[in-house]
Amino acid sequence: MRGQLRRLGLGHDQRRSVSTTDIDFYKWTQWIFLQLFNSWYDTDTDKARPISELENGFASGERKFLHEREWNSLNRSEKREIINSYRLAYLAEAPVNWCPALGTVLANEEVTAEGRSERGNHPVYRRPLKQWMMRITSYADRLLEDLEILDWSDAIKTMQINWIGKSEGAEIQFHIGESQIEVFTTRPDTLFGATYMVLAPEHPLLREIVADDWPADTPEHWKNGSRKPREAIKAYQESAAQKTDLDRQENKDKTGVFTGAYAEVPVNKKQIPVFVSDYVLMAYGTGAIMAVPGQDERDWEFAETFNLEILRTVQPPDTWEGDAFTGDGPAINSDFLNGLKVQEAKARMIEWLEDTRNGTRNTTYKLRDWLFSRQRYWGEPFPIVYDEDQLPIAIPEDLLPVELPDLMDWAPRSLDENSDPEPPLGRASEWVTVDLDLGDGIRQYRRELNTMPQWAGSCWYYLRYLDPSNNDEFISTEIEAYWMGGETGGVDLYVGGVEHAVLHLLYSRFWHKVLFDLGHVSTREPFHRLYNQGYIQAAAYQDPRGIYVDAVEVIEENGDFFHNGELVTRSFGKMGKSLRNSVTPDEMYDKFGADTLRLYEMFMGPLDQDRPWETQSVVGSQRLLQRVWRNLIDEETGDLIVSEEEPPSRLKRILHQTIQSVRDDMENLRFNTAIARITELNNEITKLDSHTPRDIAEVLVHLLSPLVPHIAEELWEKLGHKNSIVYSQFPTAEPSFLVDELVEIPIQINGKLKSRIVVANDCSSTELKEIALLDPKISSILSGNQIKKEIIIEGKLVNFVI
RNA sequence: GCGCCGGUGGCGGAAUUGGCAGACGCGCAGGGUUUAGGACCCUGUGUCCAUUAGGAUGUGUGGGUUCAAGUCCCACCCGGCGCACCA
């Protein structure tokens, strides 16, 4: 890998090379973990603060302690548990993604929509486990808002927006007998239209509310075939538990069971039936909804299946032919809301709910806290030990790093769905306990056996890269300010693939904001400008059985493709072994040289798009370099053949126009068009009868140098320079040469091009018109026709309307 | 279903604020140089009609705005990616 980078002249700075697995690096990853562990999120000031400030606040009474008992009446261990529940890095028993095939739990971001692992595509199961979490949800709003200051593509921004999934609305209390159930809705304005309620099958309050017997007149199809509600609910819960996420997605037919219970709608005291259905997810909102079929398509569908009342509370337009109406319109059937538009009605209803203590304004997010521990060997050990209270204690900074123990057998075990995760570090029997003096004498502690995910190191490596050998700090304050500061703030340009949209790029932003709050970095965001490069794809070929054949052996004939005489079909995909379509940089280097390879890769299309590799086309780039070489060097002797003459003024103009566009293109990473401009310049030089003037040659080499450094350096040296071209100033365009003395102006009749005239660049519109009318083609068309209108734009065009 | 991105010659792709569609390259065709070869040089190359001159037509489809639309507006089709019963 390093060899390939070097061979291609990619100019990586070896001195700044960092590896997240080096002890010197992960020592600081552990240090950052401690910053998170030792902080809490203060919602009053909207930033992270040291946890000691919270503790002192509780102790002094300065900060209100909103729990049942007085802070000072708690014992040490109770206090610790409370404090722990505020930390940005905390342990929690929660439903997590357990991937037995990988032997580890995974973060939500690492599980695909199909409920499989991003890595390896293995099945993932939800199950409750005690794991380390990162309180990224505290930052949801800031992660959302600060997207605005970033120069990122809309694609990535929307992916993050969707992932954070902010919805504003209200939480409303419903009474079911003695019990109370909270519902989250983004449409509190439709409360009068609530005609039934639905709980998720996993909802904990089901136990309390399910009736003993079906009420009289309960329709048969509400009963799930059971004689008693409890039986019906139990059967439904079991069948729902069997369904995978995939099943739920594929089969969107509404199913459900009546609980036998009725809830009271707070605003009109109406009694509505309570159902259980798996179209309500426990993981979102409160796991319970008020169903408003009139304004919600899913509820409409369910209402139709179970013959439930449908009441419109927003007036759809007259032309409306659909079912549920989710658009805007005046409220109807809604008492004090009648006539109000959705926005006003929402606000009014929230006011009413808060006044009457039936609910509160609330916001929910799809984003969950980040599951941070893994049961793998290759990861940073947590700088955490446990004492006899089984509560986590941070290893002091001066005892870092906590090194990974040597393990002969470090592979994760492949387990099944029902087994528990087994951290490989548990096999390091010498290591699992440790004697430490943490202030009260040497005592034995039990180590944390989980490790951090691979994202931990990549969350902050861009900072360490700036100051890679600092042994005293994770980065020096001055160096951080120098590189990360400036107008924009953050990394100036970050090029990477789109696949990290809601993984690395979200996690990094989160860590960076924590470090910012604690005063360790000076910018709100880590990456100011993000550029997602496309992938180079290559043609892959499948034989009639669908098996991929070696792409290099395929021959084309009249648009069809053959492999050993057999017809094969073509598709495009990422290069790789499975598609048997790889072309390695080394092969290309050997055949064409590093400069040609670089030039071709930059020329084949816009950087942000996927582009198909075509070995056949690489010669084009090689030819350009050969032509440039021959324009400056005698092929036979190897001598420089540039002339010291002043270049002709026409060529000088072309030269400066080229400088201008190449600068602009490079600034915007449009290397393909920059190369096209350079090619045009070189083609002009080739047409010269005399040798290339030095002024032209030097600029040409300069323009090429970032793209093809090797040949550029050699030509630069042959031009007589002692120092490397990288130390010389990139050319700047002379404004006076950017305008041509003569310009060609198109002449249109009725907007269609009929002729062209060449005029001085400062030709006035009256002159333009006169010259245009003199043009033989134009005059012959115009003769006998009345000009109705004329559009004359100086320096641009002439258009006569007849 | 929702969101984002895209659709231009045989191919990869160009085209500021609406202003000459197809820059540049590959491929292809014809010619030149060479003992030969092409990773060399020159010329041509959107499509259709025409011997030429020239004409018509043309940026996924259908409408619209405009003197003028690849570009703006409306409706739709196709492809890629992401999310998906998110209340």
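**Section: the overall build of chain A**
Helices and strands together make up the secondary structure of chain A, namely 24 helices and 29 strands. A compact globule built from 802 residues should have a C-alpha radius of gyration of about 28 Å, whereas chain A, at 35 Å, is more than 25% larger. Judged by the C-alpha coordinates and their principal axes, chain A covers about 100 × 85 × 70 Å. A buried classification covers 46% of the 802 residues belonging to chain A. Pairs at least 24 apart in sequence give 65% of the contacts found in chain A among residues at least 6 apart. Only carbon and sulfur atoms are counted for the fraction: they give 48% of the accessible area of chain A, which is about 41700 Å². In chain A, the 87 positive side-chain charges and the 130 negative ones have mean positions that sit 1 Å from each other.

**Structural notes on the protein's contact with RNA strand B**
In the vicinity of RNA strand B there are 56 residues, among which T186, K254, R298, R623 and R756 approach most closely. Of all atoms in RNA strand B that approach within 4 Å of the protein, 61% are sugar or phosphate atoms. Within the side chain of T185, an N or O atom sits 3.1 Å from a sugar or linking oxygen of RNA strand B. Residue Q622 places a side-chain N or O atom 3.5 Å away from a base nitrogen belonging to RNA strand B. When residues of the surface near RNA strand B are assigned to their parent elements, the largest contribution, seven residues, is made by helix α20 (residues 671-687). Among the residues making up the surface near RNA strand B, the classes are represented as 19 nonpolar, 17 polar and 20 charged.

**Some points on unusual backbone geometry**
Following L400, the chain continues into P401 via a peptide bond in cis, with omega recorded as 0°. With respect to the helices and strands, P401 occurs in the loop between β15 (392-394) and β16 (433-437). Of note in the backbone geometry, L669 takes a positive phi value of approximately 60° without being a glycine. Of note, L669 is situated in the loop between α19 (649-667) and α20.

**Considerations on the sheet that holds strand β26 (residues 742-749)**
Here four strands make up an open sheet; going across it, the order is β27-β26-β29-β28 and the pairing mixed. Only two strands of the sheet have a single neighbouring strand rather than two, namely β27 (752-760) and β28 (789-793). Direction aside, neighbouring strands of the sheet carry axes that sit 15° apart on average. Where β26 meets β27, eight bridges bridge the pair, whose relative direction is antiparallel. Counterpart to L742 in the pairing with β27 is A760.

**Remarks on the domain arrangement of chain A**
Domains assigned within chain A are domain 1 (14-149 + 370-457), domain 2 (167-364), domain 3 (619-737) and domain 4 (742-801). One C-alpha centre belongs to domain 3, the other to domain 4, and the line joining them spans 37 Å.

**Details of the packing of aromatic side chains**
Under the counting rule described, the total for this entry stands at 42 aromatic pairs. Judged by centre distance (6.4 Å) and plane angle (80°), the rings of Y461 and Y462 are edge-to-face. Judged by its relative accessible area of 25%, Y461 is partly exposed. On the accessibility criterion, Y462 (5% relative accessible area) is buried. Seen in terms of ring centroids, Y494 and F527 are 4.0 Å apart; in terms of plane orientation they differ by 15°. Their pairing is stacked. Of this pair, Y494 sits in strand β18 (residues 494-496) while F527 sits in the loop between α15 (504-517) and β19 (530-532), and the two are 33 residues apart along the sequence. Across the ring face of F37, the terminal group of R87 is positioned such that the distance to the ring centre comes to 4.0 Å.

**With respect to the pattern of salt bridges**
One pass over the structure, following the stated rule, counts 42 salt bridges. As a salt-bridge pair, D151 and R529 come within 3.9 Å of each other at their nearest N and O atoms. In this pair, D151 is assigned in the loop between α5 (140-145) and α6 (154-164) and R529 in the loop between α15 and β19, connecting sequence segments 378 residues apart. With relative accessibility at 39%, the residue D151 sits in the partly exposed group. Relative accessible area serves as the criterion here: at 22%, R529 is assigned to the partly exposed category. One continuous salt-bridge network, built from bridges that share partners, spans D42, D44, R49, E53 and R63.

**With respect to the sheet that holds strand β5 (residues 125-134)**
Taking strand neighbours across the sheet as the criterion, the four strands line up as β4-β3-β5-β13 in an open arrangement whose pairing is antiparallel. At either end of the open sheet lies a strand with only one pairing partner, and these are β4 (104-106) and β13 (370-371). Looking at chain direction, strand β3 (residues 89-99) and β5 are connected through 10 bridges and run antiparallel. Bridge pairing in β5 links A94 to L129. Relative to β5, helix α2 (residues 23-37) is tilted by about 95°, and along the sheet it contacts β3 and β5.

**Re the packing of helix α18 (residues 618-632) against helix α22 (residues 709-718)**
Geometry of a packed helix pair, given as the angle between the helix axes and the separation of the axes. Between α18 and α22, the shortest axis-to-axis distance is 11 Å and the interhelical angle comes to 5°. When the axes of α18 and α22 are compared, the pair comes out roughly parallel. Together, L625, V628, W629 and L632 of α18 and I711, E714, L715 and K718 of α22 make up the contact between the two elements. Residues that form the contact of α18 with α22 fall into these classes: six nonpolar, no polar and two charged.

**Observations concerning α18**
For α18, spanning 15 residues, the distance from its first C-alpha to its last is 22 Å, which sits close to the expected 21 Å at 1.5 Å a residue. For α18, the full list of buried residues reads V618, S621, L624, L625, V628, N631 and L632. The buried residues of α18 occupy an angular sector of 165° when the element is viewed end-on, so they sit on one face.

**A few points about the nonpolar core**
Grouped burial of nonpolar side chains is what soluble globular proteins tend to show. In terms of nonpolar packing, the biggest core is built from 83 residues, with F33, W370, F372, F474 and W511 touching the most fellow members. No other element matches the nine residues that α2 contributes to this core. Non-local contacts of F474, meaning those with residues more than four positions away in its chain, are made with W28, W31, I32, W460, L463, R464, L515, H520 and V521. By size, the runner-up hydrophobic cluster in this structure holds 50 residues, among which are I172, A194, Y196 and W214.

**Observations concerning the side chain of S334**
Turning to its location among the elements, S334 is positioned in the loop between α10 (297-305) and α11 (342-355). We classify S334 as buried; its relative accessible area is 0%. Aside from chain neighbours lying at most four places away, what touches S334 is F192 and T313.

**Considering the environment of M452**
Relative to the helices and strands, M452 resides in the loop between β17 (442-447) and α12 (455-458). Distance in space between the C-alpha atoms of M452 and Q390 is 20 Å, their sequence separation being 62 residues. Non-local contacts of M452, meaning those with residues more than four positions away in its chain, are made with T29, Q30, F33, F372, R374, G379, E380, P381, F382 and P383.

**Side note on the environment of S571**
Structurally, S571 is set in strand β24 (residues 566-574). For S571, the contacting residues outside a window of four places in its chain are A538, A539, A540, Q542 and Y548.

Each value, and the rule that gives it
Residues numbered from 1 in each chain as written. Chains lettered and ligands numbered in written order. Predicted model: local features only at pLDDT ≥ 70, side-chain atom pairs only at ≥ 80, totals over all residues. Heavy atoms only, no water. Helix = DSSP H or I, 4+ residues; strand = E, 2+ residues; numbered from the N terminus. Rg over C-alpha atoms; globule rule 2.2 N^0.38 Å. Buried < 20%, exposed > 50% of the residue type's maximum accessible area, 1.4 Å probe, protein only. Contact = heavy atoms within 4.5 Å. Areas by Shrake-Rupley, 256 points an atom, 1.4 Å probe, with all protein chains shown as cover. Lys, Arg positive; Asp, Glu negative; His and termini not counted. Charge placed at Lys NZ, Arg CZ, Asp CG, Glu CD. Near = heavy atom within 4 Å. Polar contact = N/O pair within 3.5 Å; in protein donor to acceptor, adjacent residues only side chain to side chain. Nonpolar A, V, L, I, M, F, W, Y, C, P; charged D, E, K, R; others polar. Pairing = 2+ DSSP bridges. Axes fitted to C-alpha atoms, helices over the stretch in contact; angles between N-to-C directions. Domains from an automatic or database assignment. Phe/Tyr/Trp six-rings, centres within 6.5 Å; stacked < 30°, edge-to-face > 60°. Lys NZ or Arg CZ within 6 Å of the ring centre and 35° of its normal. Salt bridge = Lys/Arg side-chain N within 4 Å of Asp/Glu carboxyl O. Parallel < 35°, antiparallel > 145°, perpendicular 65-115°, else oblique. Expected span 1.5 Å × (residues − 1). Arc of directions from axis to C-beta. Core = buried A, V, L, I, M, F, W, Y, C linked by side-chain atoms within 4.5 Å.

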